[in-house]
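Structural overview
The residues making up each chain are set out below.
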Amino acid sequence: MVDKETLQAKKVSLSELLQHINTFNNIPILQYRNKQGSLEEKKADMLFIREHYKGTLIINDTIELIQYADGLHIGQEDIRQYSMNLKEAVSLIRDKIGSKVLGLSTHNKKEIVEANSLHLDYIGLGAFRVTNTKSEANVGGKALLEAARYSQHPVGIIGGVRMDDKFEKPIVYKVIGSGLYNF
């Protein structure tokens, strides 16, 4: 995951991170997250990523820039801004993104079961371990792995995930965040 705030905190440029990411041959999806930047800043970053990364590019929450991405990842609070009825919310989002990839953040079995009835391509599930951005209160650990079994969608596990972690289906994606910045 390319997180703008993490880049700034670690004093790493987007260019440096992309050079590092491109040294791996097994990063098929890259999620770009920038919670504080302007639309113009996000657009510029997306265009820059497109120039230097050839895989699937997902944007976090910013549906206004979907034309520059292959998909959208949306959080539990953000999806409810479209509608409190999640099926309706997904329908409204699908109207804007078409058949592009759509993922939803989940944190527990209840949210996973809710997601099963939605037209999604995957769910993000976390946090797995404590990180600088995820406190102990938000960590699921082994209970999270058990909850993942209820998903009818492919699962991307997030939060403290390491490159060498191994998971079983339905967990098919390891979302590496701060672990990518160790170079």
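These lines cover the structure that appears in this document, whether it is placed above or below. Just so we're clear, the structure is a prediction, and the values are computed from it rather than from any experiment.

Considered for burial, the residues of helix α6 (residues 109–116) that qualify are E111, I112, A115 and N116. For α6, the arc enclosing every buried residue in end-on projection is 145 degrees, short of the 170-degree limit, so these residues lie on one face. The inward-facing, buried residues of α6 abut α4 (76–79), β5 (101–106), β6 (122–126) and α7 (141–148). A distance of 3.2 Å separates the backbone nitrogen of K110 from a side-chain oxygen at the start of α6, and that oxygen is part of N108.

Among the secondary structure elements, I74 is positioned in strand β4 (residues 71–74). The class of I74 is buried, set by a relative accessible area of 2%. The spacing of I74 and I123 is 49 residues in sequence and 9.5 Å in space, taken between C-alpha atoms. With residues up to four places along the chain from it excluded, the contact list for I74 reads D61, I79, Y82, I93, L102, G103, L104 and S105.

Once that is clear, we can look at the layout of surface pockets. Of the voids in this model, the largest pocket is the one considered here, and its volume is about 820 Å³. Lining of the largest pocket is provided by 36 residues; of these, M1, Q31, I158, V175 and I176 occupy positions nearest its centre. Taken together, the residues of the lining of the largest pocket sort by class into 16 nonpolar, 13 polar and 7 charged.

For the rest of this paragraph, the subject is the pattern of salt bridges. Per the counting criterion, the structure on display carries 11 salt bridges. Note that R129 is salt-bridged to D165, the shortest N-O span being 2.7 Å. Of this pair, R129 sits in the loop between β6 and α7 while D165 sits in the loop between β7 (155–158) and β8 (171–175), and the two are 36 residues apart along the sequence. Put simply, R149 and E146 hold a salt bridge, and the shortest N to O gap is 3.8 Å. For E146, a relative accessible area of 44% puts it in the partly exposed group. A single network of salt bridges, built from pairs that share partners, joins K4, E41 and D45.

Now for the pairing of β4. On β4, burial covers both faces: G71 and H73 on one face and L72 and I74 on the other are all buried. As defined by bridge partners, strand β3 (residues 56–60) adjoins β4 across 3 bridges and the pair is classed as parallel. Bridged to N60 within β4 is H73. The sheet contact formed by β4 and β5 spans 4 bridges and is parallel. Paired with I74 across the strands is L104, a residue of β5.

So, on to unusual backbone geometry. Geometrically, the link from G126 to A127 is a cis peptide bond, its omega value of 15 degrees lying close to zero. Structurally, A127 can be placed in the loop between β6 and α7. The step from K169 to P170 runs through a cis peptide bond, and the omega angle for that step is 15 degrees. Take P170: it is sitting in the loop between β7 and β8. Unusually for a residue other than glycine, K11 sits at a positive phi of about 55 degrees. Along the chain, K11 falls in the loop between α1 (4–10) and α2 (14–21). Phi at D61 takes a positive value of approximately 70 degrees, unusual for a residue other than glycine. Among the secondary structure elements, D61 is positioned in the loop between β3 and β4.

Cut-offs and rules
Residues numbered from 1 in each chain as written. Predicted model: local features only at pLDDT ≥ 70, side-chain atom pairs only at ≥ 80, totals over all residues. Heavy atoms only, no water. Buried < 20%, exposed > 50% of the residue type's maximum accessible area, 1.4 Å probe, protein only. Helix = DSSP H or I, 4+ residues; strand = E, 2+ residues; numbered from the N terminus. Arc of directions from axis to C-beta. Contact = heavy atoms within 4.5 Å. Polar contact = N/O pair within 3.5 Å; in protein donor to acceptor, adjacent residues only side chain to side chain. 1 Å grid on protein atoms, 1.4 Å probe; cavity = no way out; pocket = protein on both sides within 12 Å on 5 of 7 lines; lining within 4 Å. Points joined across faces, edges and corners; volume = space filled by probe spheres on them. Nonpolar A, V, L, I, M, F, W, Y, C, P; charged D, E, K, R; others polar. Salt bridge = Lys/Arg side-chain N within 4 Å of Asp/Glu carboxyl O. Pairing = 2+ DSSP bridges.

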